[in-house]
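Okay, here's what each chain looks like letter by letter:
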Amino acid sequence: MKGRIIARAPATGKCETCKYWRPHVVYDYIGYCEKHRRITMNDDTCPYYEPLEIREGEFYWCSTCKTRVSWEEAAEYLKKGYLLHRGAYVEPDIKEELYSVF
Amino acid sequence: MTENVDLKLLIGGPQGGGIESAGQIVLKSLVLKGYQVIGTREYQSNIIGAHSYFTIRARAERPGAIHFPVDAATLLDAESIFTHFQDVKPGGFIIYDKSAVNTKLRLIAPMPKPLKQRLEEFFKSRGLEPVAGSALKVAEENGVKLIGLPMKDLVRSVAKEAGAPLSRAGKTVNTMGLTAMLYFSGVEPSWIEKAINVHFAAKKKVADMNVLASKLAVEYIDDTYGGPCCFLPEGPNLGKEVMLVTGNEIVAIGKAVGGLTMQTYYPITPASDEALFLEGHRNLDLAPWAEEALHLKRIGSVVLQTEDELSAIIAALGAAAAGARVATSTSGPGFALMNEAISLAIMAELPVVITVWMRGGPSTGLPTREGQQDLLHAMFSGHGDNPKIVLASGDHVEAYYDAAKALNWAEKYQTPVIHLLDKYLASTVTNIHREEIDPLKITIERGKLVENPGPDYKRYQITEDGISPRAPMGKTTMVITGLEHTEDGMPTEDPVVREQMMAKRRRKFETIAKEIPASEKVVLHGDPDAKVTIVSWGSTKPIILEALKLLEADGVKANFLQIRLFQPFPVKEVLDYLTRAETVIDVEQNDLLQAAFLIRGYTGFEIKHFVKKLTGRALWDKEVAWAVKRILEKGDREVVVSGGA
């Protein structure tokens, strides 16, 4: 069961604050739209836009600080103007650019 | 004209953001344009997002070292701007993403806190807001030209012009950044396009997209900054066929050409890429000239990834017992796990090459950074009296021949050969000409291998040189054991046999010391009559050779004693060279000064001056020269250098 909504991202109408959008883990001006199932730019708009809701018990991706955060932190960060998302988008072939680190 | 070219470039960005490809494309562009290159990568161990960078140097003569400040830098994100804004020399330029300028320092999560604190203090002391734009402003005040690229808009343009989704266009940010840097430095777009096509040869669509991105970056530079700042003439090696290889790759190639039939490994940085390269080329068809040279239709080996490092070496020893020509590859922590089996290999007289790619220790330490801290570990690995061979390679070409030679020595002397290399060599790319890695110079020696052992065959037959005939397991009945044994391998605790076997293994070690030529034990580079001798080992070789030139330009005549073989230790040769010099300076990348410790132990020669680097970053030619001069001028006992981000 979904947790209680404790905060909402400002309704800018742009992808970067939409609940369906996950920014690229490295270059956060592009990202994946779960609604359209395609990559869009952070300032694109569409009729399905819905601002992100921060819910109790969930984890979020902060693209401002490039870190996964808890719902409490996410709510705090929203107040500071950081950009929060339900997750980050990692492209499938990113491994080609990563060294083998063990 | 080209003799004056000495181009130093840097590309920094988030790990996973195409920094590796960008570095490779820059290297390829400059090689195609006729220059010799070196490129080395620094990366974090956190996989994605944190700062990584590639430093490149190009000139007519092959560069042996990199150093800061660079002539130009492409800094693809805010963390790169904060990390490198002081690493570009006055008169140079920085390419940056315009959208990064307002990024606050405190919001850069992957940046190490101590660096963040140092930078915060820096900006505070200058009354500047700690944002990326302030860092750029400082660079500009230092005489660095700033070239901002609107990456987001350019990505949109690439997608639009190519009719491609943003997911593909978004991956061309690195190409636009490197193109801007090369083009502004005077490299014509045609060379960059060629390099892109070579780099993405197997991916036509990706190549086309990147060529388009490169063109858009050139157009932007032309429209906004009026074209390139300089002209880079064609280099003297234009049209020459070269290979661009990392240290990992050249060792793999050396092993393949040297007749390796099996490699085992467990993944570990910075060793894995060597085994992965062998795996990727395990069945390699040869070019006609290579086929003729090697008398082989194809080369290849079995590559086995085991569940841990102890399994890796034990599997290798099993294969060696069966007659395979084997190696295993690892780094410090993995090598620690192999220790027990090193003693087994010595007692059972099994040939194995252990390629040790050193990194910053102890423990997990700095897994992706440079270190020369495993020399003593290699020397004293294993338990019991355990003579073995320990050699260290200084550069790519040496590493190629050493990889093959190590296989020969292992089989000839039926003993483990520990081949010491390090992270700097592993991840440094350079151009190699075919004649430098001539397969005809490599002969495969397998020692006293007996294909058809008779009924009286004794695996551990006592011989004058300490080396017994070796038959592969399965050819005859034999016992191979880690217990002390008789000539036919049967375990025994008989005191007389024990002494005989100890003496046999000692004689083998003496044979090794006698048979390995002096030229493969130590090399004296430079003027033998110089009053200053720098002594070092491993990947510091090309860096010190560059430093010698810088010292000579400053009127200091020095030579360089490179120790190649550490076990058996070349006592006479080392002592001969060191006693000739008035001042001896030891250069190492470890805190204990491990080579100096061994020199003192084996020869009694006490080195009194030391240069060391402990940061895990590449040693620079400039800092070696600076430290040597400081020692000569002020008589310092120890100088610690620490350049690099």
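Along each chain, residues carry numbers from 1 onward, in the same order as the chain's sequence is written. Note on labels: chains are lettered from A, ligands numbered from 1, in written order. Note on the predicted model: pLDDT of at least 70 is required for a residue's local features to be given, and 80 or more for side-chain atom pairs to be given and counted; whole-chain, interface and lining totals, by contrast, use all residues. The side-chain numbers reported here are obtained from all heavy atoms of the structure, hydrogens and water having been left aside.

**Q** Honestly, the domain arrangement of chain B in this entry has me stumped. Any pointers?
**A** Accessible area lost when the parts come together is the quantity often used to give the size of an interface. Residues and elements named next belong to chain B. Parsing chain B into structural domains produces domain 1 (2-225), domain 2 (243-441), domain 3 (448-516) and domain 4 (522-641). Segmentation of the chain into domains, including their bounds, is taken from an automatic or database domain assignment. Centre-to-centre separation of domain 2 and domain 3, based on C-alpha positions: 25 Å. Any two residues whose heavy atoms approach within 4.5 Å are treated as being in contact. Facing the 22 residues of domain 2 at the interface are 26 residues of domain 3. Two parts placed together each lose some accessible area; with a 1.4 Å probe, that loss summed over both constitutes the buried area. In total, about 1,900 Å² of surface goes out of reach between domain 2 and domain 3, with carbon and sulfur atoms giving 59% of it. Three residues stand out in domain 2 for area buried against domain 3, namely Met347, Glu349 and Tyr413, and they jointly supply 36% of the buried area on that side. Whenever a carboxyl oxygen of Asp or Glu lies within 4 Å of a side-chain nitrogen of Lys or Arg, that contact is scored as a salt bridge. Where domain 2 meets domain 3, there are four salt bridges. Here Arg470 and Glu411 are joined by a salt bridge, their closest N and O atoms 2.7 Å apart. Each polar contact in these results corresponds to two N or O atoms within 3.5 Å; when the atoms are within protein, one needs to be able to donate a hydrogen and the other to accept it, and residues that are neighboring in sequence are counted only if both atoms are side-chain atoms. Between domain 2 and domain 3 we count twelve residue pairs in polar contact (both at pLDDT 80 or more) in total. Contributing elements (two or more residues each) for the side of domain 2 that touches domain 3: helix H13 (309-321), helix H14 (332-348) and helix H16 (396-413). A class-by-class count of the residues in the side of domain 2 that touches domain 3 yields 13 nonpolar, four polar and five charged. What counts as a helix is a DSSP run of H or I of at least four residues, what counts as a strand is a run of E of at least two, and both are numbered from the N terminus. Throughout this entry, Asp, Glu, Lys and Arg are counted as charged residues, while Ala, Val, Leu, Ile, Met, Phe, Trp, Tyr, Cys and Pro are counted as nonpolar. The remaining residues, Gly among them, count as polar.

**Q** Even after reading the chapter, I still don't get the state of the cysteines, so can you show me in this structure?
**A** By definition, a disulfide links two cysteine residues through a covalent bond between their sulfur atoms. Count a disulfide wherever a pair of cysteine sulfur atoms falls within 2.5 Å. Under the definition given, this model contains one disulfide over all chains. In this model, Cys229(B) is linked to Cys230(B) through a disulfide, with the two sulfur atoms separated by 2.2 Å. In this structure, the disulfide formed by Cys229(B) and Cys230(B) twists by about -45° around the S-S bond and is classed as left-handed. Between buried and exposed lies partly exposed: a residue is buried under 20% and exposed over 50% of the maximum accessible area for its type, with that area taken using a 1.4 Å probe on protein chains only. Exposure remark for Cys230(B): the relative accessible area of 40% places this residue in the partly exposed category. Here Cys33(A) stays free of any disulfide, with the sulfur of Cys46(A) as its closest cysteine sulfur at 5.9 Å. The exposure class assigned to Cys33(A) is buried, which follows from its relative accessible area of 6%.

**Q** Hey, could you run me through the pairing of strand E8 (residues 262-265) of chain B in this one?
**A** Two faces, one strand: in a regular strand the side chains alternate between the faces of the sheet. Residues and elements named next belong to chain B. Where burial is concerned, the two faces of E8 agree: the one with Met262 and Thr264 and the one with Gln263 and Tyr265 are both buried. Strands were regarded as paired on the criterion that DSSP finds at least two bridges between them. Sheet analysis places E8 next to strand E12 (residues 326-330), joined by four bridges and oriented parallel. Looking at the pairing, Gln263 lines up with Ala327 of E12.

**Q** Just checking my understanding: could you explain the pairing of strand E19 (residues 558-563) of chain B for this structure?
**A** Residues and elements named next belong to chain B. Extensive coverage of E19 is indicated by the burial of six of its six residues. Residues of E19 alternate between two faces, with Ala558, Phe560 and Gln562 on one and Asn559, Leu561 and Ile563 on the opposite face, all of them buried. The pairing of strand E18 (residues 532-537) with E19 spans six bridges and is parallel. Paired with Ser536 across the bridge in E19 is Gln562. Crossovers are described as right-handed under a simple rule: with the strands pointing away from the observer, the path leading from the first strand over the helix to the second runs clockwise. Following the chain from E18 across helix H19 (residues 541-553) to the adjacent parallel E19, one finds a crossover that is right-handed.

**Q** Help me understand the nonpolar core, please; the structure alone is not making it clear to me.
**A** It is characteristic of soluble globular proteins that their nonpolar side chains tend to be buried jointly. Residue and element names in this part refer to chain B. Here, the term nonpolar core denotes a set of buried Ala, Val, Leu, Ile, Met, Phe, Trp, Tyr and Cys residues that are joined through side-chain atoms within 4.5 Å. Membership of the largest hydrophobic core comes to 67 residues, with the highest contact counts inside it found for Leu9, Val26, Leu30 and Val155. Looking at this core element by element, the count peaks at ten residues for helix H9 (residues 204-225). Dropping the residues within four chain positions of it, Leu30 is found in contact with Leu7, Leu9, Tyr35, Val37, Ile56, Ala58, Leu182, Val187 and Leu232. Within the second largest apolar cluster, 55 residues are counted, among which are Ala65, Ala73, Ala100 and Ala132.

**Q** In this structure, what is going on with the pattern of salt bridges? I would like to understand it.
**A** A side chain of one charge can pair with a side chain of the opposite charge if their charged atoms are brought near each other. All names here are of chain B. Under the counting rule described, the total for this entry stands at 54 salt bridges over all chains. A salt bridge links Asp6 to Arg57; the nearest nitrogen and oxygen atoms lie 2.8 Å apart. Of this pair, Asp6 sits in strand E1 (residues 6-14) while Arg57 sits in strand E3 (residues 51-59), and the two are 51 residues apart along the sequence. We classify Asp6 as partly exposed; its relative accessible area is 26%. Several salt bridges converge on common partners, so that one network encompasses Asp395, Glu398, Asp402, Lys405, Glu520, Lys541 and Arg564.

**Q** Looking at this structure, how should I read the interface of chain A and chain B?
**A** Contacts between the two partners involve 27 residues from chain A and, on the opposite side, 39 residues from chain B. Of the roughly 2,800 Å² buried where chain A meets chain B, counting both sides, 61% is carbon and sulfur surface. Run the count over chain A and chain B and you get six residue pairs in polar contact (both at pLDDT 80 or more). With three residues, the single largest contributor to the side of chain A that touches chain B is strand E4 (residues 38-41) of chain A. A per-class count over the side of chain A that touches chain B returns 15 nonpolar, five polar and seven charged.

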